[in-house]
Amino acid sequence: MAADYVSPFDERVRAAEPLAPRPASISGRRVMLLDIRKNRGAEFLDRIETLLQAAGAATARTTKEIFSKPAALALIGDITGQADLVVEALAD
Amino acid sequence: MTESDLSQVGAPLPAPALSVRGLGPAEVTVADLTAGGGALLLFVSEECPTSAMALRRLGPLCGAWQEAGLTATAVFEDPLEVAVRVARRLGWQAGVAAEDPPYRTSRAYRLVSVPTAVLVDRGGTIAGTVTGWDHAALVALIGRAGALLGAELAIPEATEPRLKPGCSSKAAIDPELAAAISVQAGTDDVEEMFERGWTDGLPVVPPTPDRVEAMLGSCDGRVSLGPVPPDMGEATLERVAACAVLAGCRPAYFPVVVAAAQAALDPAFNLHGQAVTTQPAGQLVVVNGPVREAIGLNSGMGALGPGFRANLTIGRALRLLVTLTGGGMPGRLDRATQGQMGKVGFCVAENEEVSPWEPLHVERGFRPGQSVVTLIGSDAPLSISDHRSRTPEDLAWILAWAAASAWSTNWWPLEEPSVFVICPEHAGMFRAAGWTKQQLRRFMFDAVHKPAAELRRGETTPFVHAAGPAAQVSKWASPESIVLIVAGGEAGRYSAVLGPCTGMGSQIVSREVGSPWPLTT
Amino acid sequence: MHDLVHLERRGIPAVGIATAPFADEAIEQARRLGMPGARMAYIPHPVQLLTDDELNARADAVFPDVLAALTGG
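Residues numbered from 1 in each chain as written. Chains lettered and ligands numbered in written order. Predicted model: local features only at pLDDT ≥ 70, side-chain atom pairs only at ≥ 80, totals over all residues. Heavy atoms only, no water.

1. Some words on the overall build of chain C
Each helix and strand counted, chain C has 3 helices and 2 strands in total. Mapped in sequence order, the helices and strands of chain C form the string α-β-α-β-α. For chain C, with 73 residues in total, the buried portion stands at 51%. Taking the contacts inside chain C whose residues are at least 6 apart along the sequence as the reference set, 62% of them involve residues at least 24 apart. As displayed, chain C has an accessible area near 3,000 Å², and 55% of this comes from carbon and sulfur atoms. (Helix = DSSP H or I, 4+ residues; strand = E, 2+ residues; numbered from the N terminus. Buried < 20%, exposed > 50% of the residue type's maximum accessible area, 1.4 Å probe, protein only. Contact = heavy atoms within 4.5 Å. Areas by Shrake-Rupley, 256 points an atom, 1.4 Å probe, with all protein chains shown as cover.)

So, in structure tokens, the structure goes:
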């Protein structure tokens, strides 16, 4: 997807966009596990889900319709309504 | 995911006919491709990293394969222009073909994923397929091709990963969804610019190397105009050209963009202050001289509005330099409380032809035949209607008092410039009365004054506080704060005044447009 | 990476998990999208041929990185 455009930015100084603020812990938070539907991803996320629950998080699962494209904006919108945190896996 | 099938179950399968677009006008057929002895079809898609890897790794081998009789063709499940671009980027110099939705060819070849390599023999029979990147299977497939041709064919090196699955073939997706995805493929470049944050909120022209090169012309892209505040990104001419491309400029506009950038980066202009202030400051670019006509700048009807590529894109190119290269993006480092639309870009060409006076650049010491840009930090235009004044004095009074609230109602006197854009009909009244620019300026300066007592409400200046209540206070610190240019259509009596950006010592800066600029657009 | 950046822009902390060979691509993509700090966690390649136990072990091993990415550690 990455064509070689000429960037208007001086990469040495470009101010990076900030990340979303992080909670102190995941305990009590809702974590959405986003499966990109590559092989072994579901089983891998099963294990991650178990570990997240053991750490006190509430979890939910969802999948991306096609792993080779960014998730539909509708899906992103749904996720932001339903979750505080997201784990996306497994890119192989 | 990485099956390879070199054995044939039952009767040999004929390679289905191709329904693809090639680079030439002639139809691409299996028979043509196998004419040399055999064909390797490599089905790929643009967004698939494994496909990219396959193209990169197999590309260098195709030349020697061709000589031995094996013709390789990359069949893209993408538009042809995308295929050509991707192939070039990955160094694939062998055949390129492209499929349109609903990807009949991929379906006919029963593709589930890409990349898929299909070997077809001289008789048009499928002699083997490899799905995904599977080094061992590909070596076997190439060996098979060599056996068919009676030659030893080069094989790819066994670099990691030796095994990598591909991505879903578009043929394996529901046809409607595939068509919907493909429709987006044409706009991916535009969306990519938004994704990367390379826009001002409007779509931009993606700055491909070809476009930037064309924009630079004979300029050396490595030359730097200096750091652009507030981030201090270095304004190499290449980056300035990228901003000009993004903005939609033609190469003919580039010398004007460069001159505007040079003026804006002059420390006296204090671009830094303007880029991060809460004020609605924009960088007004006034253009004078022969370059206006040469590149189609509009100084007539609609001079302050939309409709003319040169005006809009030159102003925008400068702003993109500030917001991208300089990082002065609204909502982040640019803290303008409300901003104004002039910050999308504001380039005005003076209507020297109908003006009764010397143009701005001549006032500022240039020769009439020089092409010059003048940068002024300013806020949004305030429209001044006057359809009924019958004397130049009345008109001048109306124009001057329109600016009474420029910057702030009672903040008098104002040192920084107010820019009046006088329309041709208004200028005509002064011409008929024989008023020089200086006379008009002096009259306007003298016309706007109030006793200090009337200015002592709300925000006002220390000067007003210190003055005696009856002391007359002028709107401007001096007549030189009144800048006068002429622009607009010949019918209608609307002039305008632009207020200043204040408190940052910003000077008006002029710069000659570097020549030679092309005289044809 | 697009998904992670979209989510972060909407205020949702996110982390992507990939196999190690994806790292270069992910870093480059994040930089291109203007969010070089987007968080990823990596497990060794390959995964296709792992047993279930081995796959679980990979998940266990990367979990501390996942937690750190989500809680600003």
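What follows picks up the thread again.
2. Notes on the interface of chain C and chain B
Listed by partner, the interface residues are 11 residues for chain C and 9 residues for chain B. Carbon and sulfur atoms supply 48% of the area that chain C and chain B bury against each other, a total of about 780 Å² over both sides. Contact with chain B buries surface across chain C, with Arg32(C), Leu33(C) and His45(C) losing the most and accounting together for 42% of the total. In this assembly, chain C and chain B are joined by 0 salt bridges. (Buried area = accessible area lost by both parts, 1.4 Å probe. Salt bridge = Lys/Arg side-chain N within 4 Å of Asp/Glu carboxyl O.)

3. Observations regarding the packing of helix H10 (residues 237–247) of chain B against helix H11 (residues 254–265) of chain B
All names here are of chain B. Closest axis-to-axis distance for the H10/H11 pair is 10 Å, and the angle between their directions is 115°. Our pair here, H10 against H11, has a crossing hand that is right-handed. Counting all contacts with H10, which are made through Leu237, Val240, Ala241 and Ala244, the residues of H11 involved are Phe254, Val257 and Val258. (Axes fitted to C-alpha atoms, helices over the stretch in contact; angles between N-to-C directions. Left-handed = near helix turned anticlockwise from the far one by under 90°.)

4. Observations concerning the packing of aromatic side chains
Summed over the entire model, instances satisfying the criterion amount to 9 aromatic pairs over all chains. An angle of 35° between the planes, with centres 5.4 Å apart, marks the rings of Phe430(B) and Trp435(B) as tilted. This pair shows no difference in class: Phe430(B) is buried, exactly as Trp435(B) is. Between Trp435(B) and Phe443(B) the ring centres are 5.4 Å apart and the planes differ by 50°, which places this aromatic pair in the tilted class. Above the ring of Phe9(A), the side-chain terminus of Arg14(A) is found at 3.7 Å from the ring centroid. The ring of Phe22(C) carries Lys164(B) above its face, with NZ or CZ at 4.9 Å from the centroid. (Phe/Tyr/Trp six-rings, centres within 6.5 Å; stacked < 30°, edge-to-face > 60°. Lys NZ or Arg CZ within 6 Å of the ring centre and 35° of its normal.)

5. Structural notes on the pattern of salt bridges
What the rule picks out here adds up to 31 salt bridges over all chains. A salt bridge links Glu8(C) to Arg22(A), with the nearest nitrogen and oxygen atoms 2.8 Å apart. Of the two residues, Glu8(C) is situated in helix H1 (residues 2–9) and Arg22(A) in the segment before strand E1 (30–35); the pairing between them involves two chains. Arg22(A) shares its class with Glu8(C); the two are buried. Its salt-bridge partner being Glu353(B), residue Arg292(B) comes within 2.8 Å of it at the nearest N-O pair. Residue Arg292(B) is located in helix H13 (residues 291–295), and its partner Glu353(B) is located in the loop between strand E14 (347–349) and helix H15 (360–363); the two are separated by 61 residues in the primary sequence. Glu353(B) sits in the exposed class, given a relative accessible area of 56%. When salt bridges with common partners are traced through the structure, they connect Glu11(A), Glu28(C), Arg31(C) and Arg32(C) into a single cluster.

6. Describing the nonpolar core
All names here are of chain B. By size, the foremost hydrophobic cluster in this structure holds 57 residues, and its most contacted members are Ile295, Ile314, Val373 and Leu375. At 10 residues, H11 tops the list of elements feeding residues into this core. Counting 34 residues, the second-largest nonpolar core is a separate cluster that includes Ala52, Ala72, Ala98 and Ile142. (Core = buried A, V, L, I, M, F, W, Y, C linked by side-chain atoms within 4.5 Å.)

7. Observations regarding the interface of chain A and chain C
How big an interface is tends to be stated in terms of the accessible area lost upon association of its parts. Contacts between the two partners involve 42 residues from chain A, matched on the other side by 48 residues from chain C. For the pairing of chain A and chain C, the buried interface totals around 3,900 Å² over both sides, and the portion due to carbon and sulfur atoms is 61%. On the chain A side of the contact with chain C, Arg22(A), Arg40(A) and Asp92(A) bury the most area, a combined 17% of that side's loss. At the boundary of chain A and chain C, one finds 6 salt bridges. Mapped by element, the contributors of at least two residues to the side of chain A that touches chain C are helix H1 (41–54), helix H2 (73–82) and strand E3 (85–91) of chain A. Among the elements that make up the side of chain A that touches chain C, the one with the highest residue count is E3(A) (7 residues). Grouping the constituent residues of the side of chain A that touches chain C by class yields 27 nonpolar, 3 polar and 12 charged. Sheet topology places E3(A) next to strand E1 (residues 14–19) of chain C; 4 bridges connect them, and they run parallel. Residue pairing for E1(C): Val86(A) is matched across the bridge by Ala14(C). (Nonpolar A, V, L, I, M, F, W, Y, C, P; charged D, E, K, R; others polar. Pairing = 2+ DSSP bridges.)

8. Regarding the confidence of the model for chain B
Residue and element names in this part refer to chain B. When pLDDT is averaged along chain B, the result is 92, and 94% of the positions lie at 70 or above. In this model, residues 1–8 is a region of pLDDT below 50 whose contacts with residues beyond four sequence positions or in other chains number 23 contacts. Confidence drops under a pLDDT of 50 for residues 516–521, and excluding neighbours within four residues, the segment shows 12 contacts in the predicted structure. (pLDDT = per-residue confidence, 0-100.)

9. Focus on the sheet that holds E1(C)
One open sheet accounts for 5 strands, arranged E2(A)-E1(A)-E3(A)-E1(C)-E2(C); its pairing is parallel. Two strands in the sheet have a free side with no partner beyond their single neighbour: strand E2 (58–63) of chain A together with strand E2 (39–43) of chain C. Between one strand axis and the next, the sheet turns through 20° on average, direction left out of account. For E1(A) and E2(A), the ladder comprises 6 bridges, and the chain directions are parallel. Bridge pairing links Leu34(A) to Thr62(A) in E2(A). Running over the sheet, H1(A) touches E1, E2 and E3 of chain A together with E1 and E2 of chain C and is turned about 170° from E1(A). Strand contacts of helix H3 (residues 52–71) of chain C: E3 of chain A together with E1 and E2 of chain C, with the helix running at about 170° to E2(C), the strand carrying the most contacts.

10. Description of empty space enclosed by the protein
All names here are of chain B. Considering all chains together, one arrives at 3 cavities of 30 Å³ or more under this definition. Here the largest cavity defines a volume of roughly 50 Å³. Lining the largest cavity we find Ile376, Gly377, Glu416, Pro417, Cys501, Ser506, Gln507 and Ile508. (1 Å grid on protein atoms, 1.4 Å probe; cavity = no way out; pocket = protein on both sides within 12 Å on 5 of 7 lines; lining within 4 Å. Points joined across faces, edges and corners; volume = space filled by probe spheres on them.)

11. Here we look at H10(B)
Residue and element names in this part refer to chain B. Of all 11 residues in H10, 10 are buried, a share of seventy percent or more. Here H10 has its buried residues at Leu237, Arg239, Val240, Ala241, Ala242, Cys243, Ala244, Val245, Leu246 and Ala247. The inward-facing, buried residues of H10 abut helix H8 (188–196), helix H9 (209–216), strand E11 (224–228), strand E12 (233–236), H11 and helix H14 (309–325). Once H10 ends, the next one or two residues include glycine 248, with phi positive near 100°.

12. Description of the pairing of E1(C)
All names here are of chain C. With 6 of 6 residues buried, E1 lies mostly within the body of the structure. Of the two faces of E1, the one holding Ala14, Gly16 and Ala18 and the one holding Val15, Ile17 and Thr19 are both buried throughout. Of the strand pairs in this sheet, E1 and E2 are connected by 5 bridges, and their pairing is parallel. Among the inter-strand pairings, glycine 16 is bridged to a residue of E2, identified as methionine 40. The parallel pair E1 and E2 is bridged by helix H2 (residues 23–32), and the resulting crossover is right-handed. (Right-handed = clockwise from strand over helix to strand, strands pointing away.)

13. Some remarks on the packing of H9(B) against H10(B)
Angle between the axes and distance between the axes are the two parameters that describe a pair of packed helices. All names here are of chain B. Two elements in contact, H9 and H10, have axes separated by 9 Å at closest approach and are oriented at 110°. Relative to H10, the element H9 is oriented roughly perpendicular. Of the residues in H10, those in contact with Arg211, Val212, Met215 and Leu216 of H9 are Leu237, Glu238, Ala241, Ala242, Ala244 and Val245. Partitioned by chemical class, the residues of the contact of H9 with H10 number 8 nonpolar, no polar and 2 charged. (Parallel < 35°, antiparallel > 145°, perpendicular 65-115°, else oblique.)

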